[in-house]
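In case you want the letters, here they are:
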Amino acid sequence: MTKMNPQQIPENIVIFDTTLRDGEQSPGASMTLEQKVEVAALLDDMGVDIIEAGFPIASDGDFEAVSEIAKNAKNAVICGLARASFKDIDRAGEAVKYAPKSRIHTFIATSPLHMKYKLNMSPDDVLEKIAASVARAKSFTDDVEWSAEDATRTEPDFLCRVVETAIKAGATTINLPDTVGYSLPNEYQSMFEMVLNRVPNADKVVFSTHCHNDLGFAVANTMAGIAGGARQVECTINGLGERAGNAALEEIVMSMRTRQDILPFDTGIQSQLLVRASNLVAAVAAFPVQYNKAIVGKNAFAHESGIHQDGMLKNAETYEIMTPESVGVKATNLVMGKHSGRHAFKEKLSDLGYELGDNAFLDAFTRFKQLADKKKTIYDEDIIALVDSEISEANKSISLVSLEVAVSSDRPAEAILVLNIDGKHKNHIATGDGGVDATYNAIKALTTDTQNLLRYQVQAVTEGTDAQAHVSVRLEENGKQVIGQGVDTDTIVASAKAYIAALNKLMLKRQQLHAQ
Ligand code: KIV
Ligand code: ZN
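On a predicted model such as this, the values are computed, not experimentally measured, just so you know.

(A) Structural detail: the pattern of salt bridges. Here the structure, examined in full by the defined rule, presents 24 salt bridges. Salt-bridge contacts for Asp22 lead to Arg21; the nearest nitrogen and oxygen are separated by 3.4 Å. As far as burial versus exposure is concerned, Asp22 and Arg21 are alike and both buried. Its salt-bridge partner being Glu251, residue Lys293 comes within 2.5 Å of it at the nearest N-O pair. Of this pair, Lys293 sits in the loop between helix H11 (274-284) and helix H12 (306-314) while Glu251 sits in helix H10 (residues 249-258), and the two are 42 residues apart along the sequence. For Lys293, a relative accessible area of 8% puts it in the buried group. Put simply, Arg21, Asp22 and Glu52 are held in one network by salt bridges that share partners.

(B) Expanded view of the state of the cysteines. Inspection of the entire model under this criterion finds 0 disulfides. Left unpaired, Cys235 is separated from the closest cysteine sulfur, that of Cys211, by 10.0 Å.

(C) Main features of the packing of aromatic side chains. Scanning the entire structure with this criterion turns up 8 aromatic pairs. Centre to centre, the rings of Phe345 and Phe365 are 5.6 Å apart; their planes meet at 50°, and the pair counts as tilted. Here the residue Phe345 occupies a position in helix H13 (residues 342-351), and Phe365 occupies one in helix H14 (residues 358-374), the gap between them amounting to 20 residues. Residues Phe361 and Phe365 carry aromatic rings whose centres are separated by 6.2 Å and whose planes lie at 15° to one another, so their mutual orientation is stacked. One end of the pair is Phe361 and the other is Phe365, both in helix H14 and 4 residues apart, which spans about a single turn. In this pair, the class of Phe361 matches that of Phe365, namely buried. One aromatic cluster in this structure is built from Phe345, Phe361, Phe365 and Phe368. Lying over the aromatic face of Tyr98, Lys71 brings its terminal NZ or CZ to 4.9 Å of the ring centre. The side chain of Arg91 reaches across the aromatic face of Phe63, ending 3.7 Å from its centre.

(D) Focus on the coordination of the zinc ion (ligand 2). Surrounding the zinc ion (ligand 2) are the protein donor atoms Asp22 (OD), His210 (NE2) and His212 (NE2), which sit 2.0 to 2.1 Å from the metal. Between the donor residues of the zinc ion (ligand 2), the gaps in sequence give the motif D-x187-H-x1-H. Of the two residues, His210 and His212, neither departs from the other in class, the shared state being buried.

(E) Examining the site of ligand 1 more closely. Around ligand 1 lies a shell formed by Arg21, Asp22, His105, Phe107, Ser147, Glu149, Asn175, Pro177, Thr179, His210 and His212. Between ligand 1 and the protein, one listed contact pairs an oxygen atom with a side-chain N or O atom of Arg21 at 3.0 Å. Take Asp22: an N or O atom from its side chain is 3.1 Å from an oxygen atom of ligand 1. When the free accessible area of ligand 1 is taken as 260 Å², the share hidden by the protein chains comes to 94%.

(F) Summary view of the pairing of strand E4 (residues 77-83). In terms of residue burial, E4 counts as a mostly covered element, since 6 of its 7 residues are buried. Strand direction decides the pairing type here: E4 and strand E5 (residues 102-109), joined by 6 bridges, are parallel. Across the sheet, Cys79 pairs through a bridge with Arg103, a residue of E5. Read from E4 through helix H4 (residues 86-96) to E5, the crossover connection turns out right-handed.

(G) The arrangement of the sheet that holds strand E14 (residues 452-460) in detail. A sheet is described by the order of its strands in space; here 3 strands give the open sequence E14-E15-E16, paired in antiparallel fashion. Strands with a single pairing partner mark the edges of an open sheet, and in this sheet they are E14 and strand E16 (480-488). Direction aside, neighbouring strands of the sheet carry axes that sit 15° apart on average. Two strands pair when backbone bridges link them, and E14 and strand E15 (residues 469-477) are joined in this way by 8 bridges, in the antiparallel orientation.

Criteria and thresholds
- Along each chain, residue indices are assigned from 1 in the same order as the chain's sequence is written.
- Just so you know, chain letters begin at A and ligand numbers begin at 1, following the order they were written in.
- Owing to the predicted nature of the model, reporting of local features is limited to residues with pLDDT of at least 70; listing and counting of side-chain atom pairs is limited to 80 or more, with chain, interface and lining totals taken over all residues.
- With hydrogens and water excluded, all non-hydrogen atoms of the structure serve as input to the side-chain values.
- We count a salt bridge whenever a side-chain nitrogen from Lys or Arg sits within 4 Å of a carboxyl oxygen from Asp or Glu.
- Only protein chains enter the accessibility calculation, which uses a 1.4 Å probe. A residue is then buried if its area is under 20% of the maximum for its type, exposed if over 50%, and partly exposed in between.
- By the criteria applied, helices consist of DSSP H or I runs no shorter than four residues and strands consist of E runs no shorter than two, each listed in order from the N terminus.
- The criterion for a disulfide is a pair of cysteine sulfur atoms lying within 2.5 Å.
- Two rings from Phe, Tyr or Trp (for Trp, the six-membered ring) form a pair when their centres sit within 6.5 Å of each other. Planes less than 30 degrees apart are called stacked, planes more than 60 degrees apart edge-to-face, and all others tilted.
- Here, a charge over a ring means that NZ of Lys or CZ of Arg falls within 6 Å of the ring centre while also lying within 35 degrees of the ring normal.
- Ligating atoms shown are N, O and S within 2.8 Å of the metal, or 3.2 Å for Na, K and Ca, and water is not included, meaning a site may look less than complete.
- Whether a residue is near a molecule or strand depends on its heavy atoms: if one lies within 4 Å, it is near.
- N or O atoms within 3.5 Å of each other form a polar contact, as long as, within protein, one can give a hydrogen and the other can take it, and as long as residues adjacent in sequence are counted only when both atoms are side-chain atoms.
- Note that accessible areas follow from Shrake-Rupley with a 1.4 Å probe, and for residues the cover is restricted to the protein chains shown.
- Only strands that DSSP links by at least two bridges are regarded as paired with each other.
- Handedness rule for crossovers: strands pointing away from the viewer, path from the first strand over the helix to the second running clockwise, crossover right-handed.
- Note on definitions: angles span 0 to 180 degrees between N-to-C directions of axes, and those axes are lines fitted to C-alpha atoms, for helices only across the stretch in contact.

Here it is, written out as structure tokens:
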């Protein structure tokens, strides 16, 4: 990369976010329709140019999520993924048609290994499929992206031929993915330079990177792809994605912002929303972010050692290469506690990026006051967890009234539970293998026991023994999955809230099924 002169205007890099497609393919990270719509709305507000909302042929749920996101889109282009078959492409075209700006992304593998063993197709068959699939996608929208799956293990001459074929058929964006995270940065850069130099009309389309992190190079490769001529990058919030994940959006965006002295590029992303997007995706996908994750990790702006703290107090630039505020972490925190009033709470919510309606605000304020009675210091993460769980717990017909749990090292735990079910109080006493098991047995006895618990996960939202526990559970019934979240200073109460939140969602699904 060359040094940028101070007057130079940075070139725009298009951000293509695939959290809801490649990210969601991550084992255990599936999201519900409502959660996907919520994530898409935040990505749109944040300035993401293209949202890959899903793979519509994969399931009815994926199709519905893509169409719902398309209907709600504001500025972002909404994209649906399709393999190189007409059935896939037609379904994707149908799903994205309500978006003011839509894209179809179609792909086929081009490496010898994939063509022979996965597709069982000859190179000529693949070329034919590319021409036909891109032309089909063009009949739905002018904005067609074509990807050479496993591009980095594709023979260079054949890679040029496939790209030429896709451009001739009308593709407007060409993506060259490092599907298995195999490439090194200098190789990835050279691949783009080679294709851009050799393929006729390469200058008429936008080239894109798509990097997986199997060797830990996803972001480095993305930056190398830009150096090689790519002007779109495909990435996900928190680097969520298959196996070791995809290139992390927040790292790419902040690399350009922080090293603008040497990288003459920028994006339209409002970086102050990065931490909020990270928190939301981590919560809805039930996929915690590692503490030392670049940009959005809990410790990304924490300074513990005396030497560092001393340097920070003298000049923050000694140990911070970007400000916490630039990614949405407030450095000068409004300290919230039981004496904070509505005004301060509203101000705090707005600092954290939440604009709640009157009723939702009052609900959140009441819960904040309840929390402040139990907990001395309320951190931003406490409030985010509280508001996010408030939003996702709308529509409840079951709620927790009271829970008492007795645990002992000598006998099974016992839970005494009172629930409000459709306006009536019902109680039950159950035992179990530990407090959570006893509580869940009591909930099942008062409600239903036809659902399977697929996943139970606890995370401390803040520090200390009075930290809020954030529990996430995934329930399944007749192939339908729901996720419930619960937050409380007590892990067993948070567990009960999470299970009840999931049950409420499951009940809605049952009613919808019944109505059909
Ligand atoms: O990794 C990959 O190759 C993909 C394609 C579908 C673009 O996700
Ligand atoms: Zn991928």
